[in-house]
Amino acid sequence: MTISTNKKQVMAHQYEGRITYQAPSNIALIKYWGKHGKQLPCNPSLSFTLSESYTQMCVDFKQSKDNKVLESFEFEGKKRVDFEKKMSVFLESIKEDLPFLNDYSLRITSLNSFPHSSGIASSASSNAALCMALVDFESRLLGKDHVDLKKASRLSRLGSGSASRSVSGPMMLWGDFESQNGSDDYAVVPSADLSFFNDFNDYIAIVSSGEKSVSSRKGHSLMEGHPFRDIRFKNARKNLADLIDAMEKKDYVRFINIVESEALELHGLMMNSNPSFILMEPNTLSIIHEIRNFRKNNSVPICFTLDAGPNVHILFPDEYKDICDKFIEDKIRPFTQNNIIKDRVGNGPKLISSELSIAP
Ligand code: PMV
């Protein structure tokens, strides 16, 4: 039984203990680029969660009179003051949304299944893992029998926009979109039945594992005075409607066309920003040419998407795995840092364990 007032919630239970979550990273097919207000997107986006690239986060909850929420944070067995500071600021900022944080202190350890600086969005997986653990814990305190995914998505979004799309899977839509029931700019909704895509592989060709040359924050802000701003937001909506239609109809040709043009449009926007950024490397372009030639010569539905960096996500369905595996080993690997991460479409976060007991 819960009595909830604006600031104070009366809990049904007073637990302490540990909750561990795995949350995946995601990659957008329709890109979010440009934001306003409190991490609200200027256009709706559509992404899928990965399967093998995730953050595993273990959160210890202990009752405390201390004003500070985060007691300690370790990343991959080491204290990381930079990450800890960021997480502490975030946790303080969501106390109103999660009033129990006023009465608890947290010790957190985290690790990623994928290498640092591989271009896979660790901000998405880590914010989602953290918010899943927090919202799950709150549900137990309140005696609820389910985790409020909308709330986990909304809070993850405040940490990193695209993290809102990592709280479930496989296909997530974030942003107000007229033809999708229940969609809004605050949190994700699972997308319409796009099962066509569920057996897709995503091999990530690592062209460069260096730090990003432009942060997402800077990139989003460059859309503010961008000459193609209005056209972009209109295009993104049109591309989203067309892509959903193509996926529902299992139309590979249209699917490929839209997915690749979205990736190139994202990079085109950066090239046309002021200041401008070229985030592709020569090897990125070589890989794109290889993929397009291979597709044409072999009639295989293989295509690419890009994040805000030089690495290439290569997408193809299971049915063509053998031929694509060979092509990628022979023709793509030489353009990478001898590094290809073999991932595929995944189903969203997993609760790994929960060990809670009534507080003394
Ligand atoms: O979530 P952010 O603020 O890191 O922005 C992500 C932006 C892109 O990765 C380039 C596109 C997207 O929709 O994920």
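Located above this text is the structure these notes cover.
On a predicted model such as this, the values are computed, not experimentally measured, just so you know. What you see as residue numbers is a count from 1 along each chain, following the sequence as written. In view of the model being predicted, local features appear only for residues whose pLDDT reaches at least 70, and side-chain atom pairs are presented and counted only at 80 or more, with totals across whole chains, interfaces and linings using the full set of residues. Calculated side-chain values reflect all of the structure's heavy atoms, with hydrogen atoms and water omitted.

1. Considering the nonpolar core
Put simply, the rule reads: Among buried residues, the Ala, Val, Leu, Ile, Met, Phe, Trp, Tyr and Cys ones that are joined through side-chain atoms within 4.5 Å form a nonpolar core. A 1.4 Å probe rolled over the protein chains alone gives each residue an accessible area, and that area as a share of the maximum for its type sets the label: buried under 20%, exposed over 50%, partly exposed in between. Strands are runs of DSSP state E lasting at least 2 residues, helices are runs of H or I lasting at least 4, and numbering of each runs from the N terminus. Contacts between residues were defined by any pair of non-hydrogen atoms, one from each residue, lying within 4.5 Å.
Core analysis: the largest hydrophobic core is formed by 40 residues, its most contacted members being Phe 61, Leu 91, Phe 100, Leu 106, Ile 108, Leu 130 and Leu 134. Mapped onto this core, the elements with two or more residues apiece are strand S3 (15–30), strand S6 (45–63), strand S7 (70–75), helix H1 (81–93), strand S9 (104–112), helix H2 (122–141), helix H3 (149–159) and strand S10 (171–174). For this core, the leading source of residues is H2, giving ten residues. Excluding anything up to four places from it in sequence, Phe 61 contacts Glu 16, Gly 17, Ile 19, Phe 100, Tyr 104, Ser 105, Leu 106, Ala 133, Leu 134 and Phe 137. Membership of the second largest hydrophobic core comes to 30 residues, among which are Ile 30, Met 171, Phe 177 and Leu 194.

2. Considering the environment of Asp 97
Looking at the secondary structure, you find Asp 97 in the loop between H1 and S9. Residue classification places Asp 97 among the partly exposed residues on the basis of a relative accessible area of 23%. Sequence-distant contacts of Asp 97, defined by excluding residues within four places in its chain, comprise Glu 138, Lys 151, Arg 154 and Leu 155.

3. Concerning the site of the ligand
As a reminder of what qualifies: One heavy atom within 4 Å of a molecule or strand makes the whole residue count as near it. Under the rule applied, a polar contact is a pair of N or O atoms within 3.5 Å (in protein, one hydrogen donor and one hydrogen acceptor; residues adjacent in sequence only if both atoms are side-chain atoms). Under the scheme applied here, ten amino acids are nonpolar (Ala, Val, Leu, Ile, Met, Phe, Trp, Tyr, Cys and Pro), four are charged (Asp, Glu, Lys and Arg), and all others, including Gly, are polar.
The environment of the ligand is formed by 13 residues, the closest being Tyr 32, Ser 162, Arg 165, Ser 216 and Asp 307. Gly 161 places a polar main-chain atom, nitrogen or oxygen, 3.5 Å from an oxygen atom of the ligand. Class assignment of the residues belonging to the shell around the ligand gives a composition of five nonpolar, five polar and three charged.

4. Re the pattern of salt bridges
Opposite charge on two side chains lets them pair, provided their charged atoms get close. Just so we agree on the cut-off: By salt bridge we mean one thing: a side-chain nitrogen of Lys or Arg within 4 Å of a carboxyl oxygen of Asp or Glu.
If you walk through the whole model with that rule in mind, you get 22 salt bridges. The residue Glu 92 makes a salt bridge to Lys 95 at a minimum N-O spacing of 2.9 Å. A relative accessible area of 29% means that Glu 92 is categorised as partly exposed. Between Lys 342 and Glu 329 there is a salt bridge; the shortest N-O distance is 3.9 Å. One end of the pair, Lys 342, is in strand S15 (residues 340–344); the other, Glu 329, is in helix H8 (residues 321–332), and 13 residues separate them in sequence. Take Lys 342: its relative accessible area is 43%, and that puts it in the partly exposed class. Ionic contacts of the salt-bridge type, sharing partners, join the residues Arg 232, Glu 262 and Glu 265 into one network.

5. So, H8
The cut-off we apply is this: In this context, the arc is that of the directions from the helix axis out to the C-beta atoms.
For H8, the set of buried residues is Cys 324, Asp 325, Phe 327, Ile 328 and Ile 332. Buried residues along H8 cover an arc of 165 degrees about the axis, so they all sit on one side. Exposed side chains of H8 directed beyond 90 degrees from the buried face belong to Asp 322 and Lys 326. Looking at the buried side of H8, the elements it contacts are strand S12 (200–205), helix H7 (282–298), strand S14 (312–317) and S15.

6. Some words on the packing of H2 against H3
Threshold: The convention used is that axes are lines fitted to C-alpha atoms, helices contributing only their stretch in contact, and that angles between N-to-C directions extend from 0 to 180 degrees. For this classification, under 35 degrees means roughly parallel, over 145 means roughly antiparallel, 65 to 115 means roughly perpendicular, and everything else is oblique. Note on convention: the crossing is left-handed when the near helix lies turned anticlockwise from the far helix by less than a right angle, right-handed when the turn is clockwise.
At a closest axis distance of 9 Å, the pairing of H2 and H3 adopts a crossing angle of 140 degrees. Between H2 and H3, the angle falls in the class oblique. The two elements H2 and H3 cross, and the hand of that crossing is right-handed. Across from Asn 127, Ala 128, Cys 131, Met 132, Val 135 and Glu 138 in H2, the residues of H3 making contact are Leu 149, Lys 151, Ala 152, Leu 155, Ser 156 and Gly 159.

7. Considering the pairing of S7
So the rule is basically this: When DSSP locates at least two bridges between a pair of strands, those strands are taken to pair.
As judged from the five bridges shared by S7 and S9, these two strands associate in the parallel manner. Following the sheet pairing, Glu 74 is matched in S9 by Thr 109. Across two bridges, S7 lies against strand S8 (residues 78–79) in antiparallel orientation. Paired with Phe 75 across the two strands is Lys 78, which belongs to S8. The turn linking S7 back onto S8 is made up of two residues, and Glu 76 within it adopts a positive phi angle of 50 degrees.

8. What to know about the packing of helix H6 (residues 252–271) against H7
At a minimum axis distance of 14 Å, the contact between H6 and H7 shows a crossing angle of 170 degrees. The orientation of H6 relative to H7 falls into the category roughly antiparallel. Across from Ile 256, Glu 260 and Leu 264 in H6, the residues of H7 making contact are Ile 288, Ile 291, Arg 292 and Arg 295. Residues of the contact of H6 with H7, tallied by class, amount to four nonpolar, no polar and three charged.

9. A word on unusual backbone geometry
Between Gly 169 and the following residue, Pro 170, the backbone shows a cis peptide bond with an omega angle of 0 degrees. Along the chain, Pro 170 falls in the loop between H3 and S10. A cis geometry characterises the amide bond from Asn 274 onward to Pro 275, with omega recorded as 0 degrees. Tracing the chain through its elements places Pro 275 in the loop between H6 and H7. Even without being glycine, Lys 250 reaches a positive phi, approximately 55 degrees. Inspection of the secondary structure assignment puts Lys 250 in the loop between helix H5 (229–248) and H6. For Lys 250, a relative accessible area of 53% corresponds to the exposed category. Positive phi outside glycine occurs at Asn 338, with the angle close to 50 degrees. Relative to the helices and strands, Asn 338 is located in the loop between H8 and S15. For Asn 338, a relative accessible area of 57% gives the class exposed.

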